[in-house]
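Chain and residue survey
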Amino acid sequence: MSDPFFTGADGLTSRLYSDNNNSRAKLSHGPGSMTSLSRATDPYAGTQSVSNMPVKRRNLKPKLTMSRSQPTLKHESSRGLVTSNLSVTDMYKAAATENARHPLIKRKAPRNVPELPSAFPGEDEMADDASYLSDDSNATTRSFLSSLQLTAMQMASFIEDPGNFLYLSHKMGTNGMAYDLEVVDHSEISPVDYYTLSCSGITHFLGSSSDFTPLEQWEREYLLFGRMRKIPFFSKYRAWKNFTVWKKNVKAAKIASASGGITGNLFLFVPALRDALIEIKRKCVEIGASRLFDIVQGTTYTLEEFVAAQQAIQEDLTVRLNDFSGDIHQIVRSACDDIVDQFLHANKIQADHKMTFMERASLRSECRKLTRFLRLTDFMVIDMLRDLAFESVQDALERVQPKDEIPRVILTQSAEEVAAAQKAKEEGKEVADDGSYKPLFTVVVSHQADGQLEVGPSARSFKEGFQNVVHQSLKVIGIPERVSSHEELAAYIMAENADAEEVNREEVPVQDIVSNDDQFESTTADIYAALDEAFESVEDYIDVFTPYQETFRANAAYVDNIQESYRENVDLDLFRSEIEKYTGMRTSFEGIPSAANIGIFSVDSIDLKMKLMPSPLLCLYALETLLPELIDEGATELNDRLGEVLPVIKKSPTNVDMFVKRKKVVATSNLEMQSYKEKQTLIHEMYDLMKNQGWVLDEKKKASLTIIDESVTSIENNIQIAEANEEEDTKRFAAEIEADIPVLSKDIVELRGTLDNSLIADMNNFATPETVITFLTSNEEKLNAYRTHAAELQDYQNVLSLEVTEFEVLEEVVAELKLKLELWRGVKDWGNLTADWEGTALGKVDAESLEKQVSQYGRTVFKCTKNLPGNPVAPALKEQVDAWTPVLPLVTDLRNDSLQDRHWEQINNLIGFQIDMNDESFTLVELINRKVTDHADEITNIATTAVQESVLQEMMDKVTSIWKDQEIIVLPYKDVKDLYVLGDVSEIIQALDDSLVTVNTVLGSRYVGGIRDFVEGWRKNLILFQDTIDEWMTCQKGWMYLETIFSSPDIVRQLPAAAKMFQTVDKSWKAIMKLTNDDCLAVKACTVAGRKELFQTHNAALDKIQKNLEEYLETKRGKFARFYFLSNDELLEILSSAKDPQAVQPHLRKCFEALVRLDFGDDPGSSDIFGMLSPEKERVDLGKHLKARGNVEDWLTNVEDRMKSSLAGFMKAALIDYDNPDQERHEWVMCGHAGQLVATVAQMTWARDTEKAIRAYGEGDKENGLENWFDYFKKDLLKLIELIRTDLKKIHRKIIVALVTTDVHARDIIDELLEHGVSSVNNFTWVQQLRYYWEEPPVDTCIIQHSDARLEYGFEYMGATSRLVITPLTDRCWMTLTASYGLKLGAAPAGPAGTGKTESSKDLAKAIGIFCVVFNCSDQIDYKMMAKHFRGLAQSGTWTCLDEFNRIDIE
């Protein structure tokens, strides 16, 4: 059957495709068919209308007309009409000619057969989409006869005899296409389907029928068929149709397979299992509607109540889950039993019959399905329990962290009001609900013994309580027994395949599944965080009590110290102010909050309020108690003083002593009378203050006030009486004093004579000085009495205003007697001391006490010898003391604790015998008797040496004590197990330096001989310690630097050799540090044999790794030169995160002028780069197909190239947009162009329009001259200024401000051109300006001309940056810079600091669009740093500004 897709003008295309290769549709043509074709102006109109294919129409318009007798082909072209009339005979001749050209036909064509010119498009042009419709093609489709490749003989036989014919059959491999025929022998044809070709036409024999087609029609159909076959629709139709059929069949097969799989495998299609699943789901929903926590809205819990409530709900849920578990197991067991019974019944298997192998295999297969069913039910239960836990903690989170803001409520109820409300609540009375938020928990604020406030329970208690509740809830959800592990269902559990694990594998408990879930952990962490946050609010709130608490403490201290504070100085004004203060404080303390609602907490502070409230009252009570005490104390004190004075003043004197005493008392009372009265007044004022406050003073204290008043009055009266009698009494008692003085003087002189007794200078008494001492002591008592009496007389004389008598003899006698007593007491005591010393063993002598005693007696005898020249006792005593003087240093030296055995050996050899300090018979007398004192100097030298050696030993002991317990600080590194680094070693280094200084000092002493070996050993160890610690720290520095680098897989992959070398060092480092951490003793760790050399080897390896790393970084910098402007650390940070493009973002600012961020879109993991962002948040699109893939240096290079190309394209578009006549300049600025483009295009258009104005000015065209251009430009500038005053976006304001800055300078230039009358663009006034031009292709870029310099715009992205104000100095500076740049030279602007050299250079770089790197120079810069910098400049083509260049030290 034929399957035509469409019918053309004459139905011929129905022959194109057929599903049956051996059949062909029969066609009959009426007159209308050919007529309709001949009427068609375009033979392809039908095809075009049906296939909707695009058609290329050219100048040629083909027209085709045909008739029965002769087809005619016309080509109508612009050159004229060409007509070809071909008969059937001509067709044969043409075919013969074409066949003659075929390489397989060797016979030449007859000469009389002309060549047929091409009339239709050939195959080459038809390869184009619609070129087969083009009539101007020179190629043509071959005719049917030529396709048969007939020989010249065959063609001649047709021409000569029209009755001849050929057999035709379909070509092999042509899928039965209607016109793909070939000439065959009669034996090769198919009897049921073949063709014959004659001169008249072609006959198709199909079975018993035949169909004849004239040759002309066949050729025409063949031609059209060939053309239609080249239409893409028809050329692909067979493949499309086959694919569609295949697709339908595959889709149907897959649907059928999936349908069968679903119905065969889904449990919902098994009634028993479906009912069980529905029932299980229902029960899961019931349990799932419960909650693990019972937090009732509107209920406020204490922590204990909350925990108890949760325990109750969890106990109830425990019962329900136990029942639930049993129900689930029963449902599952029943369903499985039903399925097994159905299976046995369906397969006619007897349950108690021994099953065959095949029956057991079938049953196992069925049980595997039930195993999946059991696991499904298990998953359903687990999922329900998991959701129950999640929803429970989520509900708890919403309660402890409400979404709506909770208002803070503070109550200041009194204790009575709070108690009444609590009582009403306990009695069940309804309390009005104000509808406000009820806190979740209640806490109590209390005042501790140490004076601090405490909130109870604490935040930790709440957190632990919640944690316990959550922990218990996890235990609850673990109650249901897993279906897959239930022992009654074990018979239905089968392994999935032979290689599966054991069926009874250990199942993970549900509580472990939930507790390890990230969502559960996150929610519980949020609960704890919310509790902490809420408790922080409570702790912040209780600061409200701080002032009251501070006042409370101050009041307590005030009460404790009130006695001391007011007893010293009673200030009644202070009393009054304090009373007023504490009275007001009592009112303010009533405002202490009794409760407050702070978030989810209700803060109870009533007890605290009750404790703080009495504080002011206690202060008032203390004042009330203190005042009577002060009154009593003051009155008592004043009465006592008055009681002492009044009797003396009242009584008349009977002797000099009484008179002098009364006179003193009267004088003192006159002076103190004012203080008496002030004290009296103060006491009365205190009493008045008490009466004003209503405080009561007892009667006894009131009586004391009356006594005070009477005593003061009495004193005043008696003083007047005493003063009236004073003159008379003075005369009377002065005479008595004058008579007494001569008597006393005589007695003193007599005593002096007594002291000159020869007994005192008698040497016979030297051995028994007690007699002399007794004599002198008795006279000393008399002398003391005389001294006392003389002092009294002098006092009387002074009081009575008499001339005071001086008793010079008395003082001389006192001094003489004191000296003689000291001498004879010294004689006595020295004898006793020497007797003790002589009998004391040398080993027990206290050398220090001996020296002190001898020195003291030496001073005594010196003083006595000097002041008692005639007394022989003093020289005798001096002689005895001097005898012991040489023994003192000797005893001191021999008793020196620093003497060692070697020193004693030297001493014994020197004196000739051995001194045993433990021998008690060897006394000091032995030293003298054996003349040891003769060797005192040598023994002193030995003792000095011992002391010095002892000092050196002490110094070394300090060194050893320092390092005995000194440990190296070892710190964990990066929280990695068994990974450590050294901590701060500054203290160790300091101790090491100090120790080395000490050791070297000891070695430099001339007394070191005895301990030299010991000191040398320590010096060697300390030097090794120093070298090791230096190498250790160097190694640590290098290791820590490289460890971060080689922790990146990208770096390891790119530096395998260095990574392997570092791995060796790393392994050794970790081992050493672990050993050091186990034993941190510094000396031991740093003096291990070979450790210094090992660190030296590691440091050499690290240096080599560092060098390899530098070479690696150099290769990266060579590929992207702007990496030279990054430090090694920054570059390594980028390279170590090469797979993360976001890691490059922080470093872009150092690689680009204003590109601070790349836009990777909304997807954080995206590698597509859509745009670039400036510091001002300006975004510039970078187009499509720019990706951050591959090496970072490669895609950054692409970013740089795309940045420049994008800016160039946008700049050209902005320039075209600028010339849009429908918008003004200030409107163009707001069109969304980047700030850099606005500034540059504005410069281009200004230069262009200014040159036009200059030329017009030179040509005399005033309308387009400079004046009008100046006015026009100024108007545009004013519009921009007005635009600034409007409400603009920040980015637009920056763009316009920068544009105004350059426009102001441009306006000044136009004004200058007018002033100089510039009429030529070659005038230097114009040439010296910075001018921008866009040159047409092939340059097609922005060119900047400045004087003789010609520069290409760099297209470095500058962002919406600001511009400096351009001054004449800036112009000259820029001209110098561009001129030097044009000459391939550098420029060195010079001038005072702060004049703008650096900023002017940077601003010029902005103007030219070139990246300018500012490099701050210093004396720390070396040639390597400069070389690296200049390599980056040379390779990247950027500018640099070497700021403070003269600071570089060229040496």
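Note that this is a predicted model, so its numbers are computed, not measured.

**Quick look at the overall build of the protein**
Along its length, the protein carries 46 helices and 23 strands. Scored against the burial criterion, the 1451 residues of the protein give a buried share of 42%. Contacts in the protein between residues far apart in sequence, at least 24 positions, make up 69% of those at least 6 positions apart. Of the roughly 78200 Å² of accessible surface on the protein, a fraction of 51% belongs to carbon and sulfur atoms.

**Description of the packing of helix H41 (residues 1266–1284) against helix H42 (residues 1290–1316)**
Viewed as axis vectors pointing N to C, H41 and H42 meet at an angle of 160 degrees, and their least axial separation amounts to 10 Å. Considering the angle they form, H41 stands roughly antiparallel to H42. Here H41 and H42 pass one another in a crossing that is left-handed. When its residues are assigned to classes, the contact of H41 with H42 shows 18 nonpolar, no polar and six charged.

**Describing the nonpolar core**
Ranked by size, the top nonpolar core spans 123 residues in total, and within it Trp963, Trp1032, Phe1046 and Leu1158 carry the most contacts. Considering each element in turn, this core owes the most residues, eleven residues, to helix H31 (residues 1012–1046). If near-sequence neighbours (up to four positions away) are discounted, Leu1158 is found in contact with Gln1145, Leu1148, Ile1169, Gly1171, Met1172, Leu1182, Trp1195 and Val1199. Formed by 122 residues, the second largest nonpolar core is a distinct cluster that contains Phe462, Met585, Tyr676 and Met686.

**Digging into the side chain of Thr1378**
Following the sequence through the fold, Thr1378 ends up in helix H44 (residues 1368–1382). Ignoring sequence-local partners within four residues, the contact set of Thr1378 consists of His1346, Ala1349, Leu1351, Leu1404 and Ile1408.

**Examining the sheet that holds strand E20 (residues 1341–1346)**
Taken in spatial order, the three strands line up as E19-E20-E21 in an open sheet, and their pairing is antiparallel. Only two strands of the sheet have a single neighbouring strand rather than two, namely strand E19 (1330–1335) and strand E21 (1349–1352). Direction aside, the axes of adjacent strands within the sheet are offset by 25 degrees on average. Pairing between E20 and E21: four bridges, direction antiparallel. Bridged to Ile1343 within E21 is Glu1352. Most of the contacts of helix H40 (residues 1235–1258) go to E19, to which it runs at about 95 degrees, and overall it touches E19 and E20. Contacts from H44 reach E19, E20 and E21 within the one sheet, and its direction differs from that of E21 by about 80 degrees.

**A word on the packing of aromatic side chains**
Scanning the model with the defined rule gives 39 aromatic pairs in all. Through a chain of ring-to-ring contacts, three or more aromatic side chains come together here, namely Tyr301, Phe306, Phe441, Phe462, Phe466, Phe535 and Phe601.

**Topic: the environment of Pro1141**
Structurally, the position occupied by Pro1141 is in the loop between helix H36 (1128–1136) and helix H37 (1148–1151). Separated by 51 residues in sequence, Pro1141 and Val1192 have C-alpha atoms that sit 7.8 Å apart. Filtering out sequence-adjacent residues up to four positions away, Pro1141 remains in contact with Phe1160, Ala1188 and Trp1195.

**Some remarks on the pattern of salt bridges**
Tallied over the full model, the rule gives 36 salt bridges. The closest approach of N and O atoms between Glu1200 and Arg1122, which form a salt bridge, is 3.3 Å. Highlighted residues: Glu1200 in helix H38 (residues 1192–1218) and Arg1122 in the loop between helix H35 (1091–1119) and H36, separated in sequence by 78 residues. There is no split in this pair, since Glu1200 and Arg1122 are both buried. Linking Lys1279 and Glu1224 is a salt bridge whose minimum nitrogen-to-oxygen distance equals 2.6 Å. Placement of Lys1279 in helix H41 and of Glu1224 in the loop between H38 and helix H39 (1225–1229) is noted, with a sequence separation of 55 residues between them.

**Thoughts on helix H22 (residues 770–799)**
Residues spaced three or four apart along an α-helix face the same direction, because each turn holds 3.6 residues. Counted at 1.5 Å a residue, the expected span for H22 with its 30 residues is 44 Å, and the 44 Å between its end C-alpha atoms agrees. Along H22, the residues that are buried comprise Val772, Ile773, Phe775, Leu776, Asn779, Leu783, Tyr786, Ala790, Leu793, Tyr796, Gln797 and Val799.

**Looking at the packing of helix H33 (residues 1056–1078) against H35**
The contact between H33 and H35 brings their axes to 10 Å, and the two run at 145 degrees. Note on packing geometry: the crossing formed by H33 with H35 is left-handed. Residues Ala1058, Met1061, Phe1062, Val1065, Ser1068, Trp1069, Ile1072, Leu1075 and Thr1076 of H33 touch H35, and the partners they reach there are Arg1091, Leu1094, Phe1095, His1098, Ala1101, Leu1102, Lys1104, Ile1105 and Asn1108. Of the residues assigned to the contact of H33 with H35, the class counts are twelve nonpolar, four polar and two charged.

**Things to note about the pairing of E19**
The element E19 is largely enclosed, with a buried count of five among its six residues. Direction of pairing for E19 relative to E20: antiparallel, over a ladder of six bridges. Bridging from a neighbouring strand, Glu1335 pairs with Thr1341 of E20. Once E19 ends, the chain turns through five residues before running back antiparallel as E20, passing Asp1340 with a positive phi of about 50 degrees.

**Side note on a negative patch on the surface**
On the surface, a cluster of negative charge is made up of Glu533, Glu536, Glu539, Asp540 and Asp543. Relative to the elements of secondary structure, Asp543 occurs in the loop between helix H15 (518–541) and helix H16 (546–568).

**Here we look at unusual backbone geometry**
In this chain, Gly456 is followed by Pro457 through a cis amide linkage whose omega measures -5 degrees. Structurally, the position occupied by Pro457 is in the loop between strand E11 (453–456) and helix H13 (459–477). With an omega dihedral of 10 degrees, the bond running from Pro1337 to Pro1338 counts as a cis peptide bond. The topology assignment puts Pro1338 in the loop between E19 and E20. One non-glycine residue with positive phi stands out, namely Lys1177, at about 70 degrees. Relative to the elements of secondary structure, Lys1177 occurs in the loop between strand E17 (1171–1173) and strand E18 (1179–1181). Residues other than glycine seldom take positive phi values, yet His1185 does so here, at roughly 60 degrees. Examined against the element boundaries, His1185 turns out to sit in the loop between E18 and H38.

**Re a nonpolar patch on the surface**
On the surface, Ile262, Leu266, Leu268 and Phe269 cluster together to form a nonpolar patch covering roughly 370 Å² of accessible area. Positionally, Phe269 belongs in the loop between helix H8 (232–265) and helix H9 (271–288).

**Some points on the sheet that holds strand E16 (residues 1157–1159)**
An order of E16-E17-E18 is seen for the three strands of this open sheet, with the pairing classed as antiparallel. In the strand order of this sheet, the two ends are held by E16 and E18, each with one partner. Looking at each pair of strands side by side, their axes are set apart by 25 degrees on average, direction ignored. The sheet contact formed by E17 and E18 spans three bridges and is antiparallel. The residue of E18 that forms the bridge with Met1172 is Val1180. Contacts from H38 reach E16, E17 and E18 within the one sheet, and its direction differs from that of E18 by about 90 degrees.

**As for the environment of Arg1149**
Here Arg1149 shows up in helix H37. Remark: the alpha-carbon pair of Arg1149 and Ser1174, spanning 25 residues in sequence, is separated by 9.2 Å. At a separation of 3.0 Å, a polar atom in the side chain of Arg1149 contacts the main-chain carbonyl oxygen of Glu1153.

**Focus on the side chain of Thr523**
With respect to the helices and strands, Thr523 occurs in helix H15. If sequence neighbours within four positions are ignored, Thr523 has contacts with Val393, Gln394 and Leu397.

Conventions and cut-offs
- Residues numbered from 1 in each chain as written.
- Predicted model: local features only at pLDDT ≥ 70, side-chain atom pairs only at ≥ 80, totals over all residues.
- Heavy atoms only, no water.
- Helix = DSSP H or I, 4+ residues; strand = E, 2+ residues; numbered from the N terminus.
- Buried < 20%, exposed > 50% of the residue type's maximum accessible area, 1.4 Å probe, protein only.
- Contact = heavy atoms within 4.5 Å.
- Areas by Shrake-Rupley, 256 points an atom, 1.4 Å probe, with all protein chains shown as cover.
- Axes fitted to C-alpha atoms, helices over the stretch in contact; angles between N-to-C directions.
- Parallel < 35°, antiparallel > 145°, perpendicular 65-115°, else oblique.
- Left-handed = near helix turned anticlockwise from the far one by under 90°.
- Nonpolar A, V, L, I, M, F, W, Y, C, P; charged D, E, K, R; others polar.
- Core = buried A, V, L, I, M, F, W, Y, C linked by side-chain atoms within 4.5 Å.
- Pairing = 2+ DSSP bridges.
- Phe/Tyr/Trp six-rings, centres within 6.5 Å; stacked < 30°, edge-to-face > 60°.
- Salt bridge = Lys/Arg side-chain N within 4 Å of Asp/Glu carboxyl O.
- Expected span 1.5 Å × (residues − 1).
- Patch = residues over 30% accessible without salt bridge, like charges linked within 9 Å, V, L, I, M, F, W, Y side chains within 5 Å.
- Lys, Arg positive; Asp, Glu negative; His and termini not counted.
- Charge placed at Lys NZ, Arg CZ, Asp CG, Glu CD.
- Polar contact = N/O pair within 3.5 Å; in protein donor to acceptor, adjacent residues only side chain to side chain.

Distances and angles like these do not, on their own, reveal function.
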